[in-house]
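Tertiary structure, described
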Amino acid sequence: MLKFFSKISIVLVALLLISTISQAQKPQQVLNFSKLRCYVTYFNTLDTEVVKNYVPNSQAFNWLSKNIPLFECPDTILQQMYYYRWWSFRKHLVKTPDGFIFTEFITPVKFAGIYNTISSALGHQVYEGRWLRNPQYINDYISFWLFVDSKQPKSHFHSFSSWLDDAVYQRYLVNPDKAFLKHVLPVLAADYQQWETERQLPNQLFWQFDVKDAMEESISGSRKDKNIRPTINSYMYGNAKALAHMAGLLDNDTLKAKFNLKAKQLKVLVENNLWDDTAAFFKVKMVNGKLSDAREAIGFIPWYFNLPNDEPKYARQWNQLIDTAGFNAPWGLTTAERRHPNFRTHGVGKCEWDGAIWPFATTQDLKGLANLLINYINHGKMTDRVFYDALHKYAWSQQMNGKPYIGEYQDEKTGYWLKGDNPRSAFYNHSGFADLVINDLIGLKPRRDNVLEVYPLIPQNQWDWFCLDRVHYHGHDITIFWDKYGSKYHKGKGFHIYNDGNEIMHTDKLKHIFVKFSK
């Protein structure tokens, strides 16, 4: 008997030793899950959970801990909203007989397709969801729109303008999966041609009703006139560029050349036809051939796809972003210039885009601004301080009665959600936020090669520390942290990058960096 227990003891010691070695070899995180757990517990207390989808509140912490990057910073408003938006995004995940999908409204709406699906914010949702560790959720969702919705008696994909092709490519840069690209590229290319059939004019520009841009009752819009809008033309440019990139990855030189040419032509057409030199702004061209007399936030969308040339005259447009007679309001960025006589004149409660603050548009504005600051030399009056302040205000504005809340659209002076507390407006999955933190503020710039690029848009001396941890990127776990004095994380002063728990970059300054990492 003693010999038997001795053998068991030896086995247990051996197992413990193996476990210890395994733990030592396991990549170490800088952050733990304590903040995530606290936030989830708090958010759960705010929610009556009228609708329960694939991941109910009781399982939210478990699911989020397995899927999202961890983040902390001294800006508690940004930090809380980062986790709130992930917590809210999770509520929209639905498991269907056709795979996983994400909803836009938490409650059913009559104009949705099967499973309460709506395509208007599809691009935002894929950009946001590309940072989830489990790729199935976004793979299924993209596949739903390309292979399932099209077979329905009434397809809903083209109910709204879309930059899905661009989002699919940007998602690939985070999670390289050529097999998936090969699967979807022919359908995406065919769908581009369908858009050309439905919405392209003889002059090769695209038209759209404002309601089909998901931007109804706008100053320059119409439900009848085929106006040429910066929205759909920028989307189609971004889609063409993405299709060319994806074709190149799959060695389809013919398709690559075809869509590169389309993108090149559309770029010139947008600059030549939608730019108002007097107003220094990209505008809607009306059916009478004249440009609208209103500056609207949709004029910033070309930079979402890096469309405009890098010239001072185009960069000057961005000065309107900080002008209180332009788009700068107490609660955020308006959807039309505040000086215009038709600003906020269309009423309230019917989804008006005549000036009120829409998170959908704010996401596009901030992504475009980040691109301007990072990819262009000419910035006008724009700086990383402008970006940071606008992102902070965006985080701060997402509240109701002093508690985290994301709804449809807001009064620019009071922050009142113009759908009130309508249940359909709660947890509105119609914009992005976590992606703006990861991709633009912290500045992880996804690439095709094995170079890790980080370009922070954090103003000098704004933060003494921050950490973005467990970012699943190219199959690896990336950690990015700044510790000015070395007293926060106790891993040395300065700016650090870890790959799978191993330091691959360290510098004393918080700055734009490139570093090779193993693939």
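None of these values were measured; they are calculated from a predicted model.

1. So, the overall build of the protein
Helix and strand counts for the protein stand at 14 helices and 16 strands. Scaling as 2.2 N^0.38, a compact globule of 519 residues should have a C-alpha radius of gyration of about 24 Å, and the protein matches this with 24 Å. Referenced to the eigenvectors of the C-alpha coordinate spread, the extents of the protein come out at roughly 95 × 50 × 50 Å. When the 519 residues of the protein are sorted by exposure, 59% land in the buried category.

2. A short note on the environment of glycine 289
With respect to the element layout, glycine 289 can be found in the loop between β5 (281–282) and α11 (312–315). Through-space distance from the C-alpha of glycine 289 to that of isoleucine 228 is 9.3 Å; in sequence the pair is 61 residues apart.

3. A closer look at the sheet that holds strand β12 (residues 465–473)
Read from one edge to the other, the open sheet built from five strands follows the order β1-β12-β13-β14-β15, with strand pairing classed as antiparallel. Either end of the sheet is taken by a strand with one partner, and the two such strands are β1 (70–72) and β15 (502–507). Across this sheet, the average inter-strand angle for adjacent strands is 15°, counted without regard to direction. Of the pairings in the sheet, the one linking β12 to strand β13 (residues 476–483) comprises seven bridges and is antiparallel in character. By the bridge assignment for β13, tryptophan 465 is matched with aspartate 483.

4. Details of the sheet that holds strand β16 (residues 513–516)
With antiparallel pairing, three strands are arranged side by side in an open sheet as β10-β11-β16. Each of the sheet's edge strands pairs with one partner strand only, and the pair in question is β10 (444–445) and β16. By the bridge criterion, four bridges tie strand β11 (residues 451–454) to β16 in an arrangement that is antiparallel. Within β16, the residue paired with glutamate 453 across the bridge is phenylalanine 514.

5. Quick notes on the confidence of the model for the protein
Here the protein averages 94 in pLDDT, and 94% of its residues register 70 or above. In the model, residues 1–26 has pLDDT below 50 throughout and makes one contact with residues more than four positions away in sequence or in other chains.

6. As for the pattern of salt bridges
All chains considered together, the criterion is met by 22 salt bridges. Across the pair lysine 35 and glutamate 72 runs a salt bridge, and its minimum N-O distance is 2.9 Å. Taken together, the residues lysine 35 in helix α2 (residues 34–45) and glutamate 72 in strand β1 connect sequence positions 37 residues apart. The partner of glutamate 271 in a salt bridge is lysine 267, and the shortest N-O contact between them spans 3.2 Å. Here the residue glutamate 271 and the residue lysine 267 both occupy positions in helix α10 (residues 253–273), the gap between them amounting to four residues, near one helical turn. Taken as a pair, glutamate 271 and lysine 267 share a single burial class, namely buried.

Analysis parameters
- Residues numbered from 1 in each chain as written.
- Predicted model: local features only at pLDDT ≥ 70, side-chain atom pairs only at ≥ 80, totals over all residues.
- Heavy atoms only, no water.
- Helix = DSSP H or I, 4+ residues; strand = E, 2+ residues; numbered from the N terminus.
- Rg over C-alpha atoms; globule rule 2.2 N^0.38 Å.
- Buried < 20%, exposed > 50% of the residue type's maximum accessible area, 1.4 Å probe, protein only.
- Pairing = 2+ DSSP bridges.
- Axes fitted to C-alpha atoms, helices over the stretch in contact; angles between N-to-C directions.
- pLDDT = per-residue confidence, 0-100.
- Contact = heavy atoms within 4.5 Å.
- Salt bridge = Lys/Arg side-chain N within 4 Å of Asp/Glu carboxyl O.

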